[in-house]
Amino acid sequence: MTPRAGDRARYDRATAHLDAPVAIVDLEAFDANAADLVRRAGGKPIRVASKSVRCRALLERALAREGFAGIMSFTLDESLWLARAGFEDVLLAYPSADRAGFGELARDPKPAAAVTVMVDDVAQLDLIDASRAGGTEEVRVCLELDTALSLLGGRIRIGARRSPLREPAELAELARSVVRRPGFRLVGIMAYEGHVAGVGDAVAGRPLRSRAIRLMQSAARRELAERRAAVVRAVRAVAPDLEFVNGGGTGSVQHTAAEEAVTEIAAGSGFFVPRLFDHYTSFSGRPAALFAQPVVRRPGVGVVTVLGGGYPASGVAGPDRLPVPYLPEGLRYDPQEGAGEVQTPLLGSPADDLRIGDKVWFRHAKAGELCERFESLHLVEGDRITATVPTYRGEGRTFL
């Protein structure tokens, strides 16, 4: 029996009493992935990216481990909810226009002490001030640095379009705006190098493309390390009491941790290891989060149909954004139908061994987005479910 076949047998036994669709997290794999993140971080604390987990119980499990400290959230509403639930260090990774949320933040000392908001424009400070509604609590602020690799005088840009702040002088100027402004405190800098941390450099069957990605990422790491250090020096000259400099992501943990200017790393997808994180030379993880769909039809030889399963991930639409049939090994989509809204035909010889009601296990393309489809996660240890915990959705919270 192959390791994957062994996993399938365990998951089928653990969920034999449950009807699919069903989602699980293999805790042994989750914990092993967490340990590998800590190893790669080399002693620097890891801030857990909540968008890639979206389950409070698993956020708490991660933070209970040595080497992890703080949450990186994705909306202000989520940040406030986590702070009210007792999470004491929540960095909002994206700017917000949630006026009601900022009003609550400025009125309530508990979330004001726990939540740090992201800014990259004075207009965002103006919006926060206009939303205070009489609240006098100091708002903790983090500045975001654009990490994109710029080539040929800016004619070529590689990296996500996030912050407009790129040069040390630009961040220092916004830092001065923050520290001069009553009601705000500058506490951090964040820089997410998604073109390094979120792009696999070992594309299956594409050796030339893989080499090109590795060359690009090597150049991007060198350029960003130099520029990030200069930015930190410039901002610390304005605000010497900065609490943190956050960088990285699952795919670049060890590289970013090696930069002296960086004080903490962000990671989230590395806990679940979805399919988009299969193709890295710098690390390998164990798939920890899976979902099962039930076989509901057997249309012919080498074909079964499962219920639903069309759970595409965000990003540029394409085959790599689809879940992948994982267990049993050897199933594939019908190219004329793909992953369907209500039914999904699957092709391959393993289909002939499946019966009505059997489970087919899938891996999502991304990590936390799986939790938007399920109200609960069944936590598996060995061949048993040892707990069932709600996702954000299961707690009635859908933040985006």
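Quick notes on the rules
Along every chain, residues carry numbers that run from 1 in the direction the sequence is written. With pLDDT at 70 or above as the cut-off, local features in this predicted model cover only qualifying residues; side-chain atom pairs require 80 or more to be listed or tallied, and sums for whole chains, interfaces and linings still use all residues. Remark: hydrogens and water are excluded; side-chain values derive from all non-hydrogen atoms of the structure. Any Phe, Tyr or Trp ring, taking Trp's six-membered ring, that has another such ring centre within 6.5 Å forms a pair; planes under 30 degrees apart are called stacked, those over 60 apart edge-to-face, and the others tilted. The cut-offs for exposure are 20% and 50% of the maximum accessible area for each residue type, with area from a 1.4 Å probe on protein chains only; residues under the lower value are buried, those over the upper are exposed, and the others partly exposed. Only when the NZ of Lys or the CZ of Arg is both within 6 Å of the ring centre and within 35 degrees of the ring normal is a charge said to sit over the ring. The set of buried Ala, Val, Leu, Ile, Met, Phe, Trp, Tyr and Cys residues whose side-chain atoms join them within 4.5 Å is what this entry labels a nonpolar core. Secondary structure elements follow DSSP: runs of H or I no shorter than four residues count as helices, runs of E no shorter than two count as strands, and numbering proceeds from the N terminus. Fitting a line to C-alpha atoms yields each axis, with helices limited to the stretch in contact; the angle taken between N-to-C directions then spans 0 to 180 degrees. Roughly parallel here means an angle under 35 degrees, roughly antiparallel means over 145, roughly perpendicular means 65 to 115, and every remaining angle is called oblique. Crossing handedness: left-handed means the near helix sits turned counterclockwise from the far one by under a right angle, and right-handed means the same turn made clockwise. Contacts between residues were defined by any pair of non-hydrogen atoms, one from each residue, lying within 4.5 Å. Residue polarity follows a fixed list, in which Ala, Val, Leu, Ile, Met, Phe, Trp, Tyr, Cys and Pro are nonpolar, Asp, Glu, Lys and Arg are charged, and the others, Gly among them, are polar.

Caption draft 1: Structural view of the packing of aromatic side chains. Taken as a whole and judged by the stated rule, the model has 15 aromatic pairs. With a centroid separation of 5.5 Å and 10 degrees between ring planes, the pair formed by Phe 277 and Tyr 280 is classed as stacked. Of the two residues, Phe 277 and Tyr 280, neither departs from the other in class, the shared state being buried. An aromatic cluster is present here, built from Phe 30, Phe 68, Phe 271 and Phe 272 joined pairwise through their rings. The lysine or arginine in question, Arg 40, covers the ring of Phe 283, its NZ or CZ lying 4.2 Å from the ring centre.

Caption draft 2: Focus on the nonpolar core. In this structure, Leu 58, Val 117, Phe 271 and Phe 272 are the most contacted members of the largest nonpolar core, which totals 86 residues. With 6 residues, the single largest contributor to this core is helix α2 (residues 27-41). Core analysis: the second largest hydrophobic core is formed by 12 residues, Ala 14, Leu 18, Ile 24 and Leu 290 among them.

Caption draft 3: Spotlight on the packing of α2 against helix α3 (residues 56-63). The interhelical angle for the contact between α2 and α3, taken along N-to-C directions, is 45 degrees, at an axis separation of 11 Å. Regarding the angle of α2 to α3, the classification is oblique. Relative to α3, α2 is oriented so that their crossing is right-handed. Contacts between α2 and α3 involve Leu 27, Phe 30 and Asp 31 from the former and Leu 58, Arg 61 and Ala 62 from the latter. Here the residues of the contact of α2 with α3 sort into 4 nonpolar, no polar and 2 charged.

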